[in-house]
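A structural walkthrough
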Amino acid sequence: MSFTRKIILAVLTTAFTATSAYAAPIPAPASLQDRLRARMDQTPEYKKSSVIFDLPLSYNKRVAYWIAYYQSKGKTWFSQWLTKASRYLPYVQAELQRDGLPQDLAFIVMIESGFEPNAKSSANAVGPWQFIESTGKRYGLKVTDWLDERRDLKKSTLAAIHYLRDLHNEFGSWYLVAASYNMGETGLRRQIKRYGTVDYWALTRLGALPTETTDYVPKVLAAMMIAKSPGLYGFDNVTKLAPLEYEVVSVPGGTRLSDLADHMGVTHKCLNDLNAELVQGVVPHDIEHHAIRVPKGAVAEVAEFVDAPKNL
């Protein structure tokens, strides 16, 4: 049996058992595997999607719990995540792949923020990757009264790649990387030393990790499984967004995004989302120039806006 076919069977097994949050992770009997194989062959192509994983794939009662949760109580907002993922996930995955990291680490963004650039936690973590200010600055993200690069998808993704690589160099396990991303590397180091194990699942069984971190990897795995084959999990009518496409232009200080959006005939939200790092939606007058993103094909309109007498 090919590797891909084995993975498909694993996902189908998950789809069957996810409705029971605490189903025991035991091997399926041969007769069930035969039925799964038959079901795979009968599954419509539009429901199969992509079932190749480049993170270790585990399935246990906590993963099953979160799959069931996303299929029920969390279905409305998980559907919204899938919609946003259709635009932003390919970009994040491409950046991860370019740097030689697993593309499935992109699902951390889904769990952290749902791909919302202005997401802010109670701990003041901000942006798609939810950097706290000190960690963001450590990895080169600027935070000022008018600029917060943690909100910028490209800049924060590049910073996250360096951070994730550093965590993996230390902990050697992608599950521990995710755990340390959630709880902080200092706390994880302490618990590893105290309990004498570098096995993420062992640490969860020992009660060594905070509740949020105990569920963090299961959430990522559950989101990853559903997102790769949404039709198998009851997400049949997910709205797809246009790909993330833009051009970069330089504008002078004093440029207000809302005025530029009106001139170009696009929504304020469109331009604000592309330039979420501009906290107040404006380039300060004392800044000579700043690079912003605009919809593809709009460079000429930006030049016209900048050259107009009212903007001099």
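These numbers were taken from a predicted model, which means no experiment stands behind them.

1. Re the overall build of the chain
When you go through the chain residue by residue, the secondary structure sums to 16 helices and two strands. When each of the 312 residues of the chain is scored for burial, the buried share is 49%. Expressed as a percentage of contacts within the chain between residues at least 6 apart in sequence, the contacts between residues at least 24 apart total 67%. For the chain, the exposed area adds up to about 15,400 Å²; of that, 52% sits on carbon and sulfur atoms.

2. Points about the nonpolar core
Here is a general trend for soluble globular proteins: nonpolar side chains tend to be buried in one another's company. By size, the foremost hydrophobic cluster in this structure holds 64 residues, and its most contacted members are Tyr70, Phe78, Met110, Trp129 and Tyr181. Where this core is concerned, the elements lending two or more residues are helix H4 (61-71), helix H5 (75-98), helix H6 (107-113), helix H8 (153-171), helix H9 (174-183), helix H10 (185-195), helix H11 (200-205) and helix H13 (216-228). With 10 residues, the top contributor of residues to this core is H13. The contact partners of Tyr70, leaving out residues within four places of it in the chain, are Lys75, Trp77, Phe78, Trp81, Ile111, Lys219, Ala222, Ala223, Ile226 and Phe235. Within the second largest apolar cluster, 17 residues are counted, among which are Trp146, Leu271, Ile292 and Val306.

3. Notes on empty space enclosed by the protein
Enumeration over the complete set of coordinates arrives at two cavities of 30 Å³ or more. If you add up the space inside the largest cavity, you get close to 80 Å³. Around the largest cavity, the lining residues are Leu55, Leu105, Ile108, Trp174, Tyr175, Ala178, Val217, Val220 and Leu221. Of the residues assigned to the lining of the largest cavity, the class counts are nine nonpolar, no polar and no charged.

4. Considerations on the packing of H9 against H13
Relative orientation of the contacting elements H9 and H13 amounts to 115°, with a least axis distance of 9 Å. The handedness of the crossing between H9 and H13 comes out as right-handed. Side by side, H9 and H13 meet where Tyr175, Ala178, Tyr181 and Asn182 of the first sit next to Tyr216, Val217 and Leu221 of the second.

5. Notes on the packing of aromatic side chains
Tallied over the full model, the rule gives 21 aromatic pairs. Taking 5.9 Å as the distance between ring centres and 80° as the angle between the ring planes, the aromatic pair formed by Tyr70 and Trp77 counts as edge-to-face. Residue class for Tyr70 comes out buried when judged on its relative accessible area of 1%. Taking the centre distance of 5.7 Å and the plane angle of 50° together, the rings of Phe78 and Trp81 count as tilted. Taken together, the positions of Phe78 and Trp81, both in helix H5 and three residues apart, correspond to about one turn of that helix. Grouping residues by exposure puts Phe78 and Trp81 together as buried. Feature note: the residues Tyr65, Trp66, Tyr69, Tyr70, Trp77, Phe78, Trp81 and Phe235 constitute an aromatic cluster, connected by ring pairs. Above the ring of Phe53, the side-chain terminus of Lys228 is found at 5.2 Å from the ring centroid. Residue placement shows Arg293 over the ring face of Tyr246; its charged tip is 4.9 Å from the ring centre.

6. Observations concerning the confidence of the model for the chain
Residues with a pLDDT of 70 or more make up 83% of the chain, whose mean pLDDT is 87. A low-confidence stretch, residues 2-10 stays under pLDDT 50, and its non-local contacts, those more than four residues away or across chains, total 13 contacts.

7. Thoughts on the environment of Tyr65
Topologically, Tyr65 is positioned in helix H4. Note: C-alpha distance between Tyr65 and Ala222 (157 residues apart in sequence) is 8.6 Å.

8. Digging into the packing of H8 against H9
Following both chains from N to C, one finds H8 and H9 inclined at 120°, their axes separated by 9 Å at the closest point. Comparing their axes, H9 and H8 come out oblique. In this structure, H8 crosses over H9, and the sense of that crossing is right-handed. Each of Ala160, Tyr163, Leu164, Leu167, His168 and Phe171 in H8 lies in contact with H9, whose residues at this interface are Trp174, Leu176, Val177, Ser180 and Tyr181.

9. Thoughts on the pattern of salt bridges
Taken as a whole, this structure holds 13 salt bridges when the rule is applied. Put simply, Glu185 and Arg138 hold a salt bridge, and the shortest N to O gap is 3.3 Å. Of this pair, Glu185 sits in helix H10 while Arg138 sits in helix H7 (residues 133-138), and the two are 47 residues apart along the sequence. Accessibility expressed as a relative area gives 48% for Arg138, which makes it partly exposed. Via salt bridges that share partners, Asp148, Arg150 and Arg151 belong to a single interconnected network.

Cut-off values and rules
- Residues numbered from 1 in each chain as written.
- Predicted model: local features only at pLDDT ≥ 70, side-chain atom pairs only at ≥ 80, totals over all residues.
- Heavy atoms only, no water.
- Helix = DSSP H or I, 4+ residues; strand = E, 2+ residues; numbered from the N terminus.
- Buried < 20%, exposed > 50% of the residue type's maximum accessible area, 1.4 Å probe, protein only.
- Contact = heavy atoms within 4.5 Å.
- Areas by Shrake-Rupley, 256 points an atom, 1.4 Å probe, with all protein chains shown as cover.
- Core = buried A, V, L, I, M, F, W, Y, C linked by side-chain atoms within 4.5 Å.
- 1 Å grid on protein atoms, 1.4 Å probe; cavity = no way out; pocket = protein on both sides within 12 Å on 5 of 7 lines; lining within 4 Å.
- Points joined across faces, edges and corners; volume = space filled by probe spheres on them.
- Nonpolar A, V, L, I, M, F, W, Y, C, P; charged D, E, K, R; others polar.
- Axes fitted to C-alpha atoms, helices over the stretch in contact; angles between N-to-C directions.
- Left-handed = near helix turned anticlockwise from the far one by under 90°.
- Phe/Tyr/Trp six-rings, centres within 6.5 Å; stacked < 30°, edge-to-face > 60°.
- Lys NZ or Arg CZ within 6 Å of the ring centre and 35° of its normal.
- pLDDT = per-residue confidence, 0-100.
- Parallel < 35°, antiparallel > 145°, perpendicular 65-115°, else oblique.
- Salt bridge = Lys/Arg side-chain N within 4 Å of Asp/Glu carboxyl O.

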